[in-house]
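Structural overview
Here's the letter readout for the chains.
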Protein chains: 4
Amino acid sequence: MSFNTFGHVFRVTTWGESHGPALGATVDGCPPGIEISEEFIQVFLDRRRPGQSKQTTQRQEPDQVRILSGVFEGKTTGTPIQLMIENTDQRSRDYGEISRQFRPGHADITYHQKYGIRDYRGGGRSSARETAARVAAGGVAQAVLAQLVPGLRIFGYMIQMGAKHINRARFDREEILRNPFFIPDAEAVDEWADYLGAIRKNHNSVGAMIELVAEGCPAGLGAPIYAKMDTDLAAAMMSINAVKGVEIGEGMAAAELTGVDNADEIVMGPNGPEFLSNHAGGILGGITTGQPVVLRFSVKPTSSILTPRRSINTAGEEVEVITKGRHDPCVGIRAVPVAEAMMACVILDHLLLDRAQTGGRRGQIG
Amino acid sequence: MSFNTFGHVFRVTTWGESHGPALGATVDGCPPGIEISEEFIQVFLDRRRPGQSKQTTQRQEPDQVRILSGVFEGKTTGTPIQLMIENTDQRSRDYGEISRQFRPGHADITYHQKYGIRDYRGGGRSSARETAARVAAGGVAQAVLAQLVPGLRIFGYMIQMGAKHINRARFDREEILRNPFFIPDAEAVDEWADYLGAIRKNHNSVGAMIELVAEGCPAGLGAPIYAKMDTDLAAAMMSINAVKGVEIGEGMAAAELTGVDNADEIVMGPNGPEFLSNHAGGILGGITTGQPVVLRFSVKPTSSILTPRRSINTAGEEVEVITKGRHDPCVGIRAVPVAEAMMACVILDHLLLDRAQTGGRRGQIG
Amino acid sequence: MSFNTFGHVFRVTTWGESHGPALGATVDGCPPGIEISEEFIQVFLDRRRPGQSKQTTQRQEPDQVRILSGVFEGKTTGTPIQLMIENTDQRSRDYGEISRQFRPGHADITYHQKYGIRDYRGGGRSSARETAARVAAGGVAQAVLAQLVPGLRIFGYMIQMGAKHINRARFDREEILRNPFFIPDAEAVDEWADYLGAIRKNHNSVGAMIELVAEGCPAGLGAPIYAKMDTDLAAAMMSINAVKGVEIGEGMAAAELTGVDNADEIVMGPNGPEFLSNHAGGILGGITTGQPVVLRFSVKPTSSILTPRRSINTAGEEVEVITKGRHDPCVGIRAVPVAEAMMACVILDHLLLDRAQTGGRRGQIG
Amino acid sequence: MSFNTFGHVFRVTTWGESHGPALGATVDGCPPGIEISEEFIQVFLDRRRPGQSKQTTQRQEPDQVRILSGVFEGKTTGTPIQLMIENTDQRSRDYGEISRQFRPGHADITYHQKYGIRDYRGGGRSSARETAARVAAGGVAQAVLAQLVPGLRIFGYMIQMGAKHINRARFDREEILRNPFFIPDAEAVDEWADYLGAIRKNHNSVGAMIELVAEGCPAGLGAPIYAKMDTDLAAAMMSINAVKGVEIGEGMAAAELTGVDNADEIVMGPNGPEFLSNHAGGILGGITTGQPVVLRFSVKPTSSILTPRRSINTAGEEVEVITKGRHDPCVGIRAVPVAEAMMACVILDHLLLDRAQTGGRRGQIG
């Protein structure tokens, strides 16, 4: 039922609107005895924080997380963890027009139609600000995973922004956190910056493609048939604002492959089975294989733009909508840390789920 | 938790293995007083049934559904509906080798690793035969939707099979159910048949892309943030065997669009808001707009092929695997009725979910 | 949401009506690798089976369970287990009157009011026959518990039937399964038989009280705040047909106790903490203490009786209702194996739930 | 899964510890467009607030609720409502001893055993302070019910405290909110006050029995078989701290009744069916009949008392425990508004659940 909750065992409920007093996440089902602090979580939030470069919204939010419950003397107690982020930079302004107009491509009209009422200030609940709460919850998941699966490493990066693609030949993982685009391609940074600058100057916005990888994910996670790892990852990504597509491994390209080409052949390595390729993206039958989990998702261009577009208002009158305010020209950029947080939550959730059913034991090979 | 259940209110639990005595679906939460019969459901099952053309597995299964509960004097009573399909064509054979080997690209190895035991006969629980249960449940959903949303029409069709694409200029909806590929392009049928024949002769298989549309879906369905309509549809598609990617509206292509191009402008029509385009695929902010819901998903090539591939067995020995037996050379074909069934279930589920929270009332425009 | 499902991880969905072709239970989340057979489950069903003595309904049902899925070569596979019991003794008869009348004290009227339609044959879904499905599912839980918690022993017994109470001074656990009342008091059996015989001859029925004990239940099971062990046990008992009250430990009598009297003092025994009393009934703060879990529940008298009672029919006309047919004069008797099954399911569910969150580790004392 | 969540559609997750910075409730699934304010909710919290009379703990907490999300311009928006109550009167003190000792009859030992860590300050998560969050959530439910079911009235009252019982011949509903015991019997107030004063002076505490009634509850609410109205009410009551038993209608006394006596005969009144008695407590087959829903539950005596009791500490040493601090001598008193809140949540939840499945339509009689 859970409109605003995700997860089976590690359950995260986010709450809050863009311009309300605060937003946050209620995290239930967290294992006890895990070291955690506001500082640890803050690192993840700072990556997503707006106003850090010209490439993202100029809204200045410290996004300072407070842990209100569930942690005692620096450790989780197994009770719900409440993570609160106060909204501080809610510019007071006249919402007159925007409160009655529906931005094309935005959730304004559907929230109005469904609920008959909407908090129009900054997009209310449909604002991408909600994702700050996910990132905070993801920080908790990362702390638990660091203790339970020490070798796991989750990282995302942009591979495309509009007409620009990274050059995989120059792939450098260390570069990802050094540039404002989260791209693993140092040479492309300036070019992307110019490209996005021109987009912004043209009162336009642009879409993006993100790739997400989990290395060191144990085999055996994922619960067929309707709580498969790929099913839950697809749902997690698709739930992020503006995401329009998700693919695992070969993804959409699998439609043109043959079975001979797509087979990931297996050999016996010193530590167990080894796959000679990873067309599957680390998941077979909804269960992880032990290979890297690899997925990609697309983010549509920001719908709030300065270029006038035709629309209607609540009175049913036709209007031209120009969205002023502080909006990311490419929302895909800040989707990177959000997606990492979602993936951390999903993997942890399946780790706990698997402990429940199988006790974490594994069938032997050899 | 619900490993084998999907849906929030209209909840479907499937059960059964490929070569066990039977398989089926337990449908809970169905509205009462809906006319339903085994014959009505059978129509959907017959579309998915194997052995009907050269293009699908030659396994002969009548796939005859029996309603064991929840229906009285031809109407649903609001209690759980048990739909059972007996397995009849389970060829007795020697499973010696296959019981110990892992087919590359198949769930054999992950089920073994997770559970330490697997029903290897015909793929057991991971077999695509499980999807027959979904189609039966989808039949129930279709019966309810026919009464509650008379104008709704859900239909899927293949748009790509390996190197072959349909020609959208020849799109003919009536053609879909007339050919074994479920393609809306009569002229392409022979060409596709030749192509797939060659694939099969080469002991190979091939992937596919399916498009799925819901016309007449009311506005206001979908529950942000984590039970969005697109989120639930993505999960539903990704849960189907062999699916590797899902996209809504512009989908993965949204990554290269600009905000100006992607905006679906709105005007006021005689019956309310009208959109001038549908880049969004009928969903904004996770809630339906009233436009057609449009999605696509890819299906990887069948992993069970006659071409030898390298793999290992349960003893950890390296082996060459050749999968004999009756396998679809393109599992994507029969995924069409399965996807329609899943979409019917998801839309009905959200209709009921929306009745719960909003009572089905809608915010006015104009 | 789960109208017909109980359990968090070990999830049981029952389906079926009294006079339909079959009824059963879909069991999801069962650990893999557990030895199980139809014979093992049948033992539990046979205890609950009608027609075995004069004290219960004369309906003759073999209640033979079939495992349709989830078990392979005698072991659970981790996939859903479908348990089906075919209805064989559905006497064909004229339901004319009963189909339109509402028995006082029965669910006839509320099912009619809620759903607008009901399967009136033998009570349909509201019949106590549904509990056969629970007993079958409980058999699966017992098999898992036998492997995971070898020392656990769950047993129930009647302590009261109308005006008759057992004499606890004569308590003999071995006696419980030797008499048709499931009472631990051999000397009382004849007296109870005479008493119930007189009730039946008077076209009457009578209520009952059952006590249920789990010995050897490990400490640490139960998940505060809303999935407490006592909360879930109370819900499980209250869900059984005709149950009107549930209490744990001192139960309703706790209202008259003082804190000094009610304290279960603790000393240090050779194997850890030992309690000097068990007013708590083995549960503190919703979590098991390691002491025996003790609860009691009341069952109201059968509402289907031969004595005429005033009621109305679907046309709104006042009528006198006499319920013919084969009804237990005391439904409490057969509630004993049903309650044991429910307790087995709840304890197993919490064992798995605890594995998920804590990994089954325990805080040390001393 | 939902450790800290209750409800199917109207879902309440509570969070927070007794001596942490704050506690609260996240309310998801609330219908949109409902008028609500902090003042409205505060009325319910003030009833439960400590420090208002000699009969309850002297801890002084304003228990001021803040709405952090989900409400816009005085109305619910359909998004999650975050209700936060800051803890202000957390006396700083030395917890040295209590941090290592286990109070007999308290959750200290089970939290320690389960989680290996516990917030011992004031009982942490197991403190009755958690119930403030429920009362706040209940206030939201009351606001929704006031709009959707105008005739509904939910009220609870004590009927027993230790050796003292109310005199039902003097039952006066108006009196309930006028005395510190929530008893409908004005003449008993002084006597009860003296009785409880003596209990306190003796360094003791005492149990209680509460009766809870919902008048004007519509027929048709409750979802058989495992989300029955009585099942969910029993779970809701049993989840309240210190509750040890719950009964509906005749409750435990049903064990001694006969079917003839227990039958609630039905006649046809001017507005539909009328029952001549209410042994059932307003629920048949798990579905409301339209009669008053009547239940009772017992509350054990406070386990924190000044009389020394034998126990052990975390080092496994035997100790004598005396619990100083500000504790209610009868926790049952403040359980009254908590139980009302839980009942409001459960009834609203079932109202929404019923809208989902049946659309709120009702089978006709006459």
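Residues numbered from 1 in each chain as written. Chains lettered and ligands numbered in written order. Predicted model: local features only at pLDDT ≥ 70, side-chain atom pairs only at ≥ 80, totals over all residues. Heavy atoms only, no water.

1. Some words on the relation of the copies chain A and chain B
Each of the two chain copies can be brought onto the other by rotation about an axis and movement along it. The line we're drawing: What sets the superposition is a least-squares fit of C-alpha atoms, and only residues with pLDDT of at least 70 in both copies go into it. Contacts: residue pairs with any heavy atoms within 4.5 Å of one another.
Under the fitted operation, chain A is carried onto chain B by 0.0 Å of movement along the axis and a turn of 180 degrees, and the coordinates agree to an RMSD of 0.0 Å. Expressed as an axis order, the relation between the two copies is that of a two-fold axis. A high fraction, 100%, of the interface residues of chain A reappear at the interface in chain B, so the copies pair face to face through one surface.

2. Some points on helix 2 (residues 108-115) of chain A
An α-helix turns once per 3.6 residues; consequently, residues spaced three or four apart project the same way. All names here are of chain A. Rules: Throughout this description, buried means an accessible area under 20% of the type-specific maximum (1.4 Å probe, protein chains only), exposed means over 50%, and partly exposed covers the range between. Labels follow the DSSP assignment, with helices taken as runs of H or I lasting at least four residues and strands as runs of E lasting at least two, numbered in each case from the N terminus.
Of all the eight residues making up helix 2, eight are buried; the element is thus mostly covered by neighbouring parts of the structure. Within helix 2 the residues assigned to the buried category are D108, I109, T110, Y111, H112, Q113, K114 and Y115. Phi for G116, located one or two positions after helix 2, is positive at around 75 degrees.

3. Some details on the UniProt feature "binding site: FMN" (unreviewed entry) in chain A
Stated formally: UniProt positions are given in the numbering used here, feature names are shortened, and annotations may be inferred rather than shown by experiment.
According to UniProt, the feature "binding site: FMN" (unreviewed entry) maps to R125, S126, S127, N241, A242, G285, K300, P301, T302, S303, S304 and R326 of chain A in the numbering used here. Look at the named residues: they lie 202 residues apart in sequence, and the longest C-alpha span between them is 43.6 Å, so in the fold they stay spread out. By the element assignment, A242 of chain A lies in the loop between helix 5 (229-238) and strand 11 (243-248). Exposure remark for A242 of chain A: the relative accessible area of 22% places this residue in the partly exposed category. Those residues in contact with A242 of chain A that lie beyond four places of it in its chain are S298, V299, K300 and V331 of chain A. Inspection of the secondary structure assignment puts G285 of chain A in the loop between strand 14 (283-284) and strand 15 (287-288). Not counting residues within four places of it along the chain, the set of residues in contact with G285 of chain A comprises P224 and K228 of chain A together with A107 and Y111 of chain B.

4. Observations concerning the relation of the copies chain D and chain B
Relative to chain B, chain D is turned by 180 degrees and slid 0.0 Å along the rotation axis, the superposed coordinates differing by an RMSD of 0.0 Å. Same-surface contact between copies: 100% of interface residues of chain D are shared with the interface of chain B.

5. Describing the pattern of salt bridges
Put simply, the rule reads: Between Lys or Arg on one side and Asp or Glu on the other, a salt bridge is scored when a side-chain nitrogen of the former is within 4 Å of a carboxyl oxygen of the latter.
Scanning the entire structure with this criterion turns up 83 salt bridges over all chains. E340 of chain B is paired through a salt bridge with R47 of chain B; the nearest N and O atoms lie 3.9 Å apart. Remark: R47 of chain B occurs in helix 1 (residues 38-48) and E340 of chain B occurs in helix 7 (residues 335-358); sequence separation between them is 293 residues. Across the pair E215 of chain B and R173 of chain B runs a salt bridge whose closest N-O atoms are separated by 2.6 Å. You can see E215 of chain B sitting in strand 10 (residues 208-215) and its partner R173 of chain B sitting in the loop between strand 9 (164-165) and helix 4 (189-201), a full 42 residues away along the chain. Exposure remark for E215 of chain B: the relative accessible area of 26% places this residue in the partly exposed category. One salt-bridge network, held together by shared partners, links R168, E211, E247 and R296 of chain A.

6. Focus on the interface of chain A and chain B
Definition in use: As a working definition, buried area equals the accessible area (1.4 Å probe) given up by two parts on being put together, with both sides summed. As used in this structure description, the phrase polar contact means that two N or O atoms lie within 3.5 Å; if the pair is within protein, one of them must be able to donate a hydrogen and the other to accept it, and residues adjacent in sequence are counted only when both atoms belong to side chains. What makes two strands pair is DSSP finding at least two bridges between them.
Contact with chain A, which involves 116 residues of that partner, is made by 116 residues of chain B. Between chain A and chain B lies a buried interface of about 9000 Å² when both sides are counted; carbon and sulfur atoms form 62% of it. Inspection of the region where chain A meets chain B yields four salt bridges. D354 of chain A is paired through a salt bridge with K114 of chain B; the nearest N and O atoms lie 2.7 Å apart. Our enumeration of links across chain A and chain B arrives at 61 residue pairs in polar contact (both at pLDDT 80 or more). The biggest single contributor to the side of chain A that touches chain B is helix 2 of chain A, with seven residues. One ladder, built from three bridges, connects strand 11 of chain A with strand 11 (residues 243-248) of chain B; its direction is antiparallel. Looking at the pairing, E247 of chain A lines up with G245 of chain B of strand 11 of chain B.

7. Let's talk about the interface of chain D and chain B
The condition that has to hold: Each residue is assigned to one class: nonpolar for Ala, Val, Leu, Ile, Met, Phe, Trp, Tyr, Cys and Pro, charged for Asp, Glu, Lys and Arg, and polar for all the others, Gly among them.
Taken residue by residue, the interface counts 13 residues in chain D and 13 residues in chain B. Across the chain D to chain B interface the summed buried area is about 1100 Å²; carbon plus sulfur atoms make up 51%. At the surface where chain D touches chain B, the tally comes to zero salt bridges. Across the contact surface, chain D and chain B share nine residue pairs in polar contact (both at pLDDT 80 or more). Classifying every residue of the side of chain D that touches chain B gives seven nonpolar, five polar and one charged.

8. Describing the pairing of strand 12 (residues 266-269) of chain A
All names here are of chain A. Across four bridges, the pairing between strand 12 and strand 13 (residues 272-275) is antiparallel. Looking at strand 13, one finds that M268 is bridged to P273. Counting the residues that bridge the hairpin from strand 12 to strand 13 gives two residues.

9. A closer look at helix 3 (residues 130-148) of chain B
Rules: By this rule, a helix spans an expected 1.5 Å times one less than how many residues it contains.
Look at helix 3 of chain B: 28 Å from first C-alpha to last across 19 residues, which is about the 27 Å you get at 1.5 Å a residue. The buried count for helix 3 of chain B comes to 16 of 19 residues, which makes it a mostly enclosed element.

10. Digging into unusual backbone geometry
A cis amide bond links P224 of chain B to the next residue, I225 of chain B, at an omega of 5 degrees. Assignment of secondary structure puts I225 of chain B in the loop between strand 10 and helix 5 (229-238). Positive phi outside glycine occurs at E73 of chain C, with the angle close to 50 degrees. Looking at where E73 of chain C falls in the secondary structure, it is placed in the loop between strand 5 (71-72) and strand 6 (75-76). For E73 of chain C, a relative accessible area of 63% corresponds to the exposed category. Non-glycine residue F182 of chain D carries a positive phi angle of around 55 degrees. Relative to the elements of secondary structure, F182 of chain D occurs in the loop between strand 9 (164-165) and helix 4 (189-201). F182 of chain D gets classed as buried once you look at its relative accessible area, which sits at 8%.

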